[in-house]
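Below are the chains, spelled out letter by letter.
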Amino acid sequence: MAGRFSQKHQRVRPNSNEEQVIKRASEHFERSLVEVAGQVAGSIAALEHPAKDEALNYGEIFLRDNVPVMIYMLAKKRYDVVRHFLSVCLDLQSTTYQTRGVFPTSFVEEEGELIADYGQRSIGRITSADASLWWPVLCWLYVRRSGDESFGTSQRVQRGVQLLLDLVLHPTFEGTPVLFVPDCSFMIDRPMDVWGAPLEVEVLLHACLRSCIELMELSRKNQVSRLLDQRLVLTRQWVHDLRQFLLKHYWVTSKTMQVLRRRPTEQYGEDQHQNEFNVQPQVVPSWLQDWLENRGGYLIGNIRTGRPDFRFYSLGNSLACMFGVLTAPQQRALFRLVLHNRHHLMAQMPMRICHPPMDGAEWENKTGSDPKNWPWSYHNGGHWPSLLWFFGASILLHERRYPDADVLLMGQMRALLEECYWSQLNQLPRQKWAEYFDGPTGTWVGQQSRTYQTWTIVGFLLMHHFLRVAPEDVEMLDLEELLPEKKYKKKPV
Ligand code: GLC
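A. How the structure looks around the nonpolar core. Counting 153 residues, the largest nonpolar core has Tyr-298, Trp-389 and Leu-477 as its most contacted members. With 13 residues, the single largest contributor to this core is helix α8 (residues 199-222).

Have a look at this one:
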């Protein structure tokens, strides 16, 4: 694998100082690590911020920002750090009545005490859903990679999994397999009209439930329990229904749009299934035609009665690819879409968080006139370097899963990824590893951007690791069970 691509793609670019950049980035990264109870437990969100005197929370350990940190630690075989991080988070899983089972968005150690934020301390007092959904995923990736099954089967981990499942697997008013969440409950944590069933949360839910199944299966090896068996049956069914729901209501291509636009509206009764959410053809945005082109496809941002969110979200789509929510041909349709729209999505600083941005009255109404989410800035069409590795890993994983599929397209994707990597390599050190970039081309450092942002730094290090150091390590992200017959067909070197 490495051999096949090494000559064609690992172009040596004079003056790029790749080694030097990696060395400096690694040093910055080490500085972001903090100790809890005398042991390294994770990274703070950012090392610096221009307005240093403001009382901000960049010095806290955010669960979501530590996802790439922990994956990097797994790649580097620093298992103690990951185990301690998982363990500290588990201690902080809420036990109070209204939030029982929820993991905190962030935490910090102050005078020997851990202070967690479940939403009661953040701007706008928002509660995250993604932190809770990521925990079992990280836990399962850790157990599988490190072989530390005793942690996975321990009573506290198994109890944590059950508490979390209680939050998800229960009857609701919607009666659908999605998790219903308020606005701002994931990486996009300011009002952006992303309430209900936003893609990122639902894809994470899918990965979370699959990881819980793996962790429960581990424990089932050691003990027979009818309750556990029932939970497994229910969780498996939920995962299945959720995936079907996402593929049915979120996946769009030029072909599906032609059908959607001409289907009947105002359908009533149990047998009418063509337009369950009563979407009027007028809500389909005009930019979609060129965006989808002939053979592109993607998962839309959200489905809601009458008002689907057609915006493209990079993280939700990348995760759907990486975690196998999308079928192999759908993954390639997504790659084609990104390639076709690269001037938008990658531009000068890969990768744009969400497209297109809202402006005018829509921006006023939907963001509450939020100046940080001004069009082309921050969550509203801004460019976040930390997002590239998720998409990059999806491409690299696809290559390994399906080595013989569409070689031409995959060659183009490889080239695109290399270019994005070089573009970050050449810019980020000068731009002080900024958090996000503004404007339609993502050229300007974000107006309120922090600098030396940890997930910018570690995201780049991960990309370097998967491209140059150990390409096979990307397989640790694969949530498919590695049954002997499903093992990767290795490419001839
Ligand atoms: C911002 C981001 C959020 C991130 C946090 C810490 O609030 O929107 O996703 O976790 O900063 O970096």
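B. Inspection of the environment of Leu-242 at higher detail. The residue Leu-242 is located in helix α9 (residues 226-249) in this model. For Leu-242, a relative accessible area of 0% puts it in the buried group. Each C-alpha atom of the pair Leu-242 and Glu-19 lies 44 Å from the other, and the pair is 223 residues apart in sequence.

C. Representation of empty space enclosed by the protein within the structure. All told, the structure shown has four cavities of 30 Å³ or more when counted by the stated rule. A volume near 100 Å³ is recorded for the largest cavity. Along its surface, the largest cavity is lined by 13 residues, and Arg-64, Trp-134, Leu-315, Phe-390 and Trp-455 are the ones closest to its centre. Of all elements in the fold, only α3 (66-75), α5 (130-146) and α16 (388-401) reach the threshold of two or more residues within the lining of the largest cavity. Here the residues of the lining of the largest cavity sort into nine nonpolar, one polar and three charged.

D. Quick look at the pairing of strand β1 (residues 33-36). In terms of strand pairing, β1 meets strand β2 (residues 39-43) through four bridges, oriented antiparallel. Paired with Val-36 across the two strands is Gln-39, which belongs to β2.

E. Broad picture of the site of the ligand. In the neighbourhood of the ligand, the contacting residues comprise Ala-45, Phe-62, Arg-64, Asp-65, Met-187, Asp-189, Tyr-378, His-379, Glu-435, Arg-450, Gln-453 and Trp-455. The side chain of Asp-189 places a nitrogen or oxygen atom 2.6 Å from an oxygen atom of the ligand. Within the side chain of Arg-450, an N or O atom sits 2.6 Å from an oxygen atom of the ligand. Among the residues making up the shell around the ligand, the classes are represented as five nonpolar, two polar and five charged.

F. Examining the layout of surface pockets more closely. There is about 460 Å³ of room inside the second largest pocket. In terms of lining, the second largest pocket is formed by 24 residues, of which the most central are Ala-129, Leu-167, Leu-179, Phe-180 and Val-181. Elements supplying a minimum of two residues to the lining of the second largest pocket: α5 and α7 (155-168). When its residues are assigned to classes, the lining of the second largest pocket shows 13 nonpolar, 10 polar and one charged.

G. Summary view of the packing of helix α4 (residues 79-91) against α5. Viewed as axis vectors pointing N to C, α4 and α5 meet at an angle of 150 degrees, and their least axial separation amounts to 11 Å. The crossing of α4 and α5 is left-handed. Listed contacts from α5 to Tyr-79, Val-82, Arg-83, Phe-85, Leu-86, Cys-89 and Leu-90 of α4 are Trp-135, Leu-138, Cys-139, Tyr-142, Arg-145 and Ser-146. Tallied by class, residues from the contact of α4 with α5 come to 10 nonpolar, one polar and two charged.

H. Region of the structure containing the side chain of Glu-60. Examined against the element boundaries, Glu-60 turns out to sit in the loop between β3 (46-48) and β4 (61-62). A polar contact is formed between the side chain of Glu-60 and the side chain of Ser-106, at a distance of 2.7 Å. Discounting chain neighbours no more than four positions away, the residues touching Glu-60 are Ser-43, Ile-44, Ala-45, Ser-106, Phe-107, Val-108 and Arg-121.

I. Layout of the pattern of salt bridges. If you walk through the whole model with that rule in mind, you get 27 salt bridges. Between Glu-362 and Lys-366 there is a salt bridge whose closest N-O contact spans 3.6 Å. In this pair, Glu-362 and Lys-366 are both assigned in helix α15 (residues 360-367), four residues apart and thus about one turn of the helix distant. Lys-366 gets classed as partly exposed once you look at its relative accessible area, which sits at 30%. Ionic pairing is found between Arg-414 and Glu-399, a salt bridge with its closest N-O pair at 3.1 Å. Of this pair, Arg-414 sits in helix α17 (residues 407-427) while Glu-399 sits in helix α16, and the two are 15 residues apart along the sequence. Residue Arg-414 is classed as buried on the basis of its relative accessible area of 6%. Of the residues examined, Glu-399 reaches a relative accessible area of 2% and is grouped as buried. What you see here is one network of salt bridges that share partners, running through Asp-193, Arg-304, Glu-362 and Lys-366.

J. How the structure looks around the sheet that holds β4. With antiparallel pairing, the three strands of this open sheet are ordered in space as β4-β5-β6. Looking at strand neighbours, the two that pair on one side only are β4 and β6 (113-117), the edges of this open sheet. Examined bridge by bridge, strand β5 (residues 106-110) and β6 share five bridges and lie antiparallel to one another. Residue pairing for β6: Ser-106 is matched across the bridge by Asp-117.

K. Region of the structure containing the environment of Gly-381. Along the chain, Gly-381 turns up in the loop between α15 and α16. Given the relative accessible area of 0%, Gly-381 is considered buried. With 30 residues separating them along the chain, Gly-381 and Met-351 place their C-alpha atoms 9.8 Å apart. Setting aside its immediate chain neighbours within four residues, Gly-381 contacts Arg-352, Ile-353, Cys-354, Pro-357 and Trp-376.

Here is what the cut-offs are and how they apply
- Residues numbered from 1 in each chain as written.
- Predicted model: local features only at pLDDT ≥ 70, side-chain atom pairs only at ≥ 80, totals over all residues.
- Heavy atoms only, no water.
- Core = buried A, V, L, I, M, F, W, Y, C linked by side-chain atoms within 4.5 Å.
- Buried < 20%, exposed > 50% of the residue type's maximum accessible area, 1.4 Å probe, protein only.
- Helix = DSSP H or I, 4+ residues; strand = E, 2+ residues; numbered from the N terminus.
- 1 Å grid on protein atoms, 1.4 Å probe; cavity = no way out; pocket = protein on both sides within 12 Å on 5 of 7 lines; lining within 4 Å.
- Points joined across faces, edges and corners; volume = space filled by probe spheres on them.
- Nonpolar A, V, L, I, M, F, W, Y, C, P; charged D, E, K, R; others polar.
- Pairing = 2+ DSSP bridges.
- Near = heavy atom within 4 Å.
- Polar contact = N/O pair within 3.5 Å; in protein donor to acceptor, adjacent residues only side chain to side chain.
- Axes fitted to C-alpha atoms, helices over the stretch in contact; angles between N-to-C directions.
- Left-handed = near helix turned anticlockwise from the far one by under 90°.
- Contact = heavy atoms within 4.5 Å.
- Salt bridge = Lys/Arg side-chain N within 4 Å of Asp/Glu carboxyl O.

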